[in-house]
Amino acid sequence: MPDTFADRIPAYTTRVDECLDAALPVPSTRPTRLHEAMRYSVLNGGKRVRPLLVYAAGECLGVDAATLDAPAVAIELIHAFSLVHDDLPAMDDDDLRRGEPTVHIKFDEATAILAADALQPLAFSVLSGLEGVPARAKIDLVRLIADACGSTGMTGGQSIDLAAEGGSLSTAALEHMYSLKTGA
């Protein structure tokens, strides 16, 4: 049977988990509570779908996995940032994520906000440190991801979702919201 991408998923998942662990501040670095919360929000499991999409696209384009590590990590950091914010009392007010207490429950609301806020610039720091990639390509990648998670992307979709709470959206408006909130 030929080797398929599905066969490589466990190795890619392990790879991105190791890269995430290396990218995050060690918990003993001050401020320790903040760093513990950041690590908790990122390293608490998950399917790693977004990093896997990075590796799959890279394979299609013939890009070496080592070059894809930073974008895969950055995408997962952005995703974790969005989940921490999404779980907050002012948003969806969730107590559990993947069967574990959400960051604001495990730590506190202020620490959760700060942890999420620290994950986003960490994602861009990881991207800016890409080795062997031309500066122009790094800038383009940072801009692409910044736009995808900004007000005309993921954050805008969340804003639409919050504004619609208690009401209903048309199918077109719902599709637009999800194209920003999830698709971007």
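In this text the structure is predicted, and so the values were computed from the model without any measurement.

## Quick look at the side chain of Asp87
Tracing the chain through its elements places Asp87 in helix H4 (residues 65-87). Using a relative accessible area of 4% as the deciding quantity, one classes Asp87 as buried. Setting aside anything within four residues of it in sequence, one finds Asp87 in contact with Asp93, Asp94, Arg97, Thr102 and His104.

## Focus on the packing of helix H2 (residues 32-42) against helix H6 (residues 109-128)
Between H2 and H6, the least distance of the axes is 9 Å, while the angle of their chain directions is 70 degrees. When the axis of H2 is compared with that of H6, the two are roughly perpendicular. For the pair H2 and H6, contact is made by Arg33, Leu34, Ala37, Met38, Ser41 and Val42 and by Thr111, Leu114, Ala115, Ala118, Leu119 and Leu122, respectively.

## Section: empty space enclosed by the protein
Tallying each qualifying case throughout the model produces 1 cavity of 30 Å³ or more. A volume near 70 Å³ is recorded for the largest cavity. Contributing to the lining of the largest cavity are Tyr40, Ser41, Asn44, Ala80, Leu83, Val84, Asp87, Arg97, Arg98, Pro101, Thr102 and Val103. The set of elements that each furnish at least two residues to the lining of the largest cavity consists of H2 and H4. With 4 residues, H4 is the largest single contributor of residues to the lining of the largest cavity. Of the residues belonging to the lining of the largest cavity, the class tally is 6 nonpolar, 3 polar and 3 charged.

## A few points about the nonpolar core
Leu24, Val42, Leu77, Ile78, Val103 and Leu119 are the most contacted members of the largest nonpolar core, which has 39 residues in total. Broken down by element, the residue count for this core peaks at 11 residues, all from H4.

## Some details on the packing of aromatic side chains
The full count for this structure, using the stated rule, is 3 aromatic pairs. Geometrically, the ring pair formed by Tyr40 and Phe107 is edge-to-face, given 5.7 Å between the ring centres and 70 degrees between the ring planes. Highlighted residues: Tyr40 in helix H2 and Phe107 in the loop between helix H5 (103-106) and H6, separated in sequence by 67 residues. Taken together, the ring pairs in this structure connect Phe5, Tyr12 and Tyr55 into an aromatic cluster.

## Looking at a negative patch on the surface
A cluster of acidic residues, Asp92, Asp93, Asp95, Glu109 and Glu165, forms a negative patch on the protein surface. Checked against the element boundaries, Glu165 lands in the loop between helix H8 (154-163) and helix H9 (171-183).

## Some details on a nonpolar patch on the surface
A surface patch of nonpolar side chains, amounting to about 250 Å² of accessible area, comprises Leu169, Leu174 and Tyr178. Here Leu169 shows up in the loop between H8 and H9.

## Structural notes on the layout of surface pockets
In this model, the largest pocket occupies a volume close to 800 Å³. The wall of the largest pocket is formed by 29 residues, among which Arg50, Ile78, Met154, Thr182 and Ala184 lie closest to the centre. Elements supplying a minimum of two residues to the lining of the largest pocket: helix H3 (49-61), H4, helix H7 (135-149), H8 and H9. Ranked by residues supplied to the lining of the largest pocket, first place goes to H4 with 10 residues. Within the lining of the largest pocket, the residues separate by chemical class into 19 nonpolar, 7 polar and 3 charged.

## A look at the pattern of salt bridges
Summed over the entire model, instances satisfying the criterion amount to 10 salt bridges. With a shortest N-O distance of 2.6 Å, Arg8 and Glu59 are connected by a salt bridge. Of this pair, Arg8 sits in helix H1 (residues 5-23) while Glu59 sits in helix H3, placing them 51 residues apart in sequence. In this structure, a network of salt bridges that share partners links the residues Asp3, Arg8 and Glu59.

Here is what the cut-offs are and how they apply
Residues numbered from 1 in each chain as written. Predicted model: local features only at pLDDT ≥ 70, side-chain atom pairs only at ≥ 80, totals over all residues. Heavy atoms only, no water. Helix = DSSP H or I, 4+ residues; strand = E, 2+ residues; numbered from the N terminus. Buried < 20%, exposed > 50% of the residue type's maximum accessible area, 1.4 Å probe, protein only. Contact = heavy atoms within 4.5 Å. Axes fitted to C-alpha atoms, helices over the stretch in contact; angles between N-to-C directions. Parallel < 35°, antiparallel > 145°, perpendicular 65-115°, else oblique. 1 Å grid on protein atoms, 1.4 Å probe; cavity = no way out; pocket = protein on both sides within 12 Å on 5 of 7 lines; lining within 4 Å. Points joined across faces, edges and corners; volume = space filled by probe spheres on them. Nonpolar A, V, L, I, M, F, W, Y, C, P; charged D, E, K, R; others polar. Core = buried A, V, L, I, M, F, W, Y, C linked by side-chain atoms within 4.5 Å. Phe/Tyr/Trp six-rings, centres within 6.5 Å; stacked < 30°, edge-to-face > 60°. Patch = residues over 30% accessible without salt bridge, like charges linked within 9 Å, V, L, I, M, F, W, Y side chains within 5 Å. Areas by Shrake-Rupley, 256 points an atom, 1.4 Å probe, with all protein chains shown as cover. Salt bridge = Lys/Arg side-chain N within 4 Å of Asp/Glu carboxyl O. Lys, Arg positive; Asp, Glu negative; His and termini not counted. Charge placed at Lys NZ, Arg CZ, Asp CG, Glu CD.

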